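Structural overview for review
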There are 2 protein chains.
Amino acid sequence: MKKITIALDAMGGDYGPSEIVPAACLILKDNPDLDIILVGTKAILEDLVSSHASDVKSQITIHHASEIVGMNEAPAQALRFKKDSSMRVAINLVKERVAHACVSAGNTGALMATAKFVLKTVPGIDRPAISALLPTTIQGKNVRVLDLGANVDSTAEQLFQFAIMGSVLAETVGSINKPAIGLLNIGEEDIKGNEQVKQTSKLLSSQTEINYIGYIEGDDIYKGVADVVVCDGFVGNVALKTSEGLAKLIMQFIKEAFKKNWLTKLSALAAKPVLKSLAKRLDPAQYNGASFVGLQGIVIKSHGSAKAPAFANAIKQAMIEVRNNVPERIHAEVGALLKKISGLST
Amino acid sequence: MKKITIALDAMGGDYGPSEIVPAACLILKDNPDLDIILVGTKAILEDLVSSHASDVKSQITIHHASEIVGMNEAPAQALRFKKDSSMRVAINLVKERVAHACVSAGNTGALMATAKFVLKTVPGIDRPAISALLPTTIQGKNVRVLDLGANVDSTAEQLFQFAIMGSVLAETVGSINKPAIGLLNIGEEDIKGNEQVKQTSKLLSSQTEINYIGYIEGDDIYKGVADVVVCDGFVGNVALKTSEGLAKLIMQFIKEAFKKNWLTKLSALAAKPVLKSLAKRLDPAQYNGASFVGLQGIVIKSHGSAKAPAFANAIKQAMIEVRNNVPERIHAEVGALLKKISGLST
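Below: a short report on this structure. This structure is a prediction, so every number in the text was calculated from the model and none was measured.

1. Things to note about the pattern of salt bridges
Applying the stated criterion to the full structure yields 16 salt bridges over all chains. A:K198 serves as the salt-bridge partner of A:E195, at 3.5 Å between the closest nitrogen and oxygen. Placement of the pair is A:E195 and A:K198 together in helix α7 (residues 195-205), with a separation of 3 residues, close to one helical turn. The salt bridge partner of B:D35 is B:K3, with a shortest N-O separation of 3.7 Å. Here the residue B:D35 occupies a position in strand β2 (residues 34-40), and B:K3 occupies one in the segment before β1 (4-9), the gap between them amounting to 32 residues. We classify B:K3 as partly exposed; its relative accessible area is 44%. Linked through salt bridges whose partners overlap, the residues forming this network are A:D219, A:D220 and A:K223.

Shown next, in the form of structure tokens:
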């Protein structure tokens, strides 16, 4: 396999380098063909590398960056004034082709704004989207959802582009042949859905390159009805965050139910391995690593609160996209589709 | 307490009268001050009443209706051509003040269209909304969400009206003093949220009658941060349905984890009471009964798949709204607010 280099925004996220350096070490151990560039405060990173990474030191380079983007900093502010931030420099390394991809657990808005500014979108794609995998009731099957919050008030053309990108991602990264694309909608309204969704459905129905299966509703996401679910970023973000909230609520209900009396407490002991495996299966860490798709370069966003193993999963995600040349594939697919579909060349 | 009469669309829902008549009997037993009008096919209803309702017969009236609205029938079709449907006649009884409220498990779109047409909205309210309660991590606290799917592409003025209606519902039905109103938004976007949400936030901030606490995100819904969550119907419906899907996924994960091997199967036996209480706590039946708020009359929508106990909860919901004069309260509150807030009188 080809040698891969990934740049990490080592100062981003809630825990910064104290989790990101161990994450790098974790993943480097299993991947001798991987090199990692840690971008951030040199002194801090050197210290952490020498205490954590003795065996994988040769695969690590430290690249100094003098600034850090705050988790609540305004994206425009970060873009304009923090030109030597660990985030910006890590993205620059992708632009300069020093790194094949970059991974950050930092401020999502700033990361998106900076990535868009530095890397630009793939020709034919108006705006990048955030995409991630979610579990389904079908064993071993995940569903890819996009957009998860990069864009609000998406037009039908943009939703159509999300569908193309999702299809390419599912095909390349997920190894799914002719992935089934569903369009998120609601079933309650007189004439179903809003204008953008109806328009998008027409666009998707008018082509044969993408395996469009029609509308799906919120409860279909986790049923695994589709391989890819397309929606506006406002809707997708609410669905994702609501799911996170509900998962927490249910885990709390389970704990409370087991704590009710001495008998239930006793049964909790017996059920401990089961509860552990359940918690593991619901652990967002395993799904950590959202793709910023549609850019001329690979950028993976880790959850801000990711610990080392979760961040390592985000790095893995980046490696898969590098190996599959995702931006190039999206570029080719979009180009081919735009040529075929008349009236769509915006 | 005053005598209450509720009309039931006895033919609606996936199970129709075979669950709805037993539901009526269930609730009548505990409520001697309640009368129920069963609307639908007379012969079928008479049969069911004589076999189920011997002890509460005096509280039941059967009102014949010759048609039934199909669960997948187009709302406009139902509205135009099924003027003697059980749904339409039940709503007519509210309009004619023969019944204080009506409850239906039928086609949501048709129910909303018919209710809007027959009952009209409260002056000052552009469009009715669908509102329901969801559980939170705070023991004993529910959160009221609206709109859950009656309206897509809601304007800021409409979202503002939803906030007023939610506030009144939480105060009257939920007995909450100065209920905290949150506006559903996302935190990812450069400048947070879409135009309608930003505009709504301005409207809500400019008044003091409603206890507006600002933006909340999807994961805040189940945290009980707010008493009322306001959102567009497309977003609310996706959030609700996605939650239903995830709850099913987690219950399946739990079952699978307990079925893994003989040891986990043994622990499932021990944990049985806990699993039962969990399933009960997550059972949507207890939250059954969504309010169509903003109408000049009370209409409660039951889940189409509701069995008798769940449908009985929807009837309970109707009784609470009748006792609290919800439409009149909304009318008064909206009138007062519209007088106070300049520039809002659309």
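2. Here we look at the sheet that holds strand β6 (residues 142-146) of chain B
Residue and element names in this part refer to chain B. The strand order β3-β2-β1-β4-β11-β10-β5-β6-β9-β7-β8 describes an open sheet built from 11 strands, whose pairing is mixed. Since the sheet does not close on itself, it has two edges, and those belong to β3 (60-64) and β8 (211-216), each with one partner. In this sheet, neighbouring strand axes are inclined to one another by 25° on average, regardless of whether the strands run parallel or antiparallel. For β1 and strand β4 (residues 101-104), the ladder comprises 4 bridges, and the chain directions are parallel. Bridge pairing in β4 links A7 to C102. Taken strand by strand, helix α2 (residues 42-52) contacts β2 and β3, and its axis lies near 160° from that of β3.

About the cut-offs
Residues numbered from 1 in each chain as written. Chains lettered and ligands numbered in written order. Predicted model: local features only at pLDDT ≥ 70, side-chain atom pairs only at ≥ 80, totals over all residues. Heavy atoms only, no water. Salt bridge = Lys/Arg side-chain N within 4 Å of Asp/Glu carboxyl O. Helix = DSSP H or I, 4+ residues; strand = E, 2+ residues; numbered from the N terminus. Buried < 20%, exposed > 50% of the residue type's maximum accessible area, 1.4 Å probe, protein only. Pairing = 2+ DSSP bridges. Axes fitted to C-alpha atoms, helices over the stretch in contact; angles between N-to-C directions. Contact = heavy atoms within 4.5 Å.

Coordinates in, geometry out; function isn't part of it.
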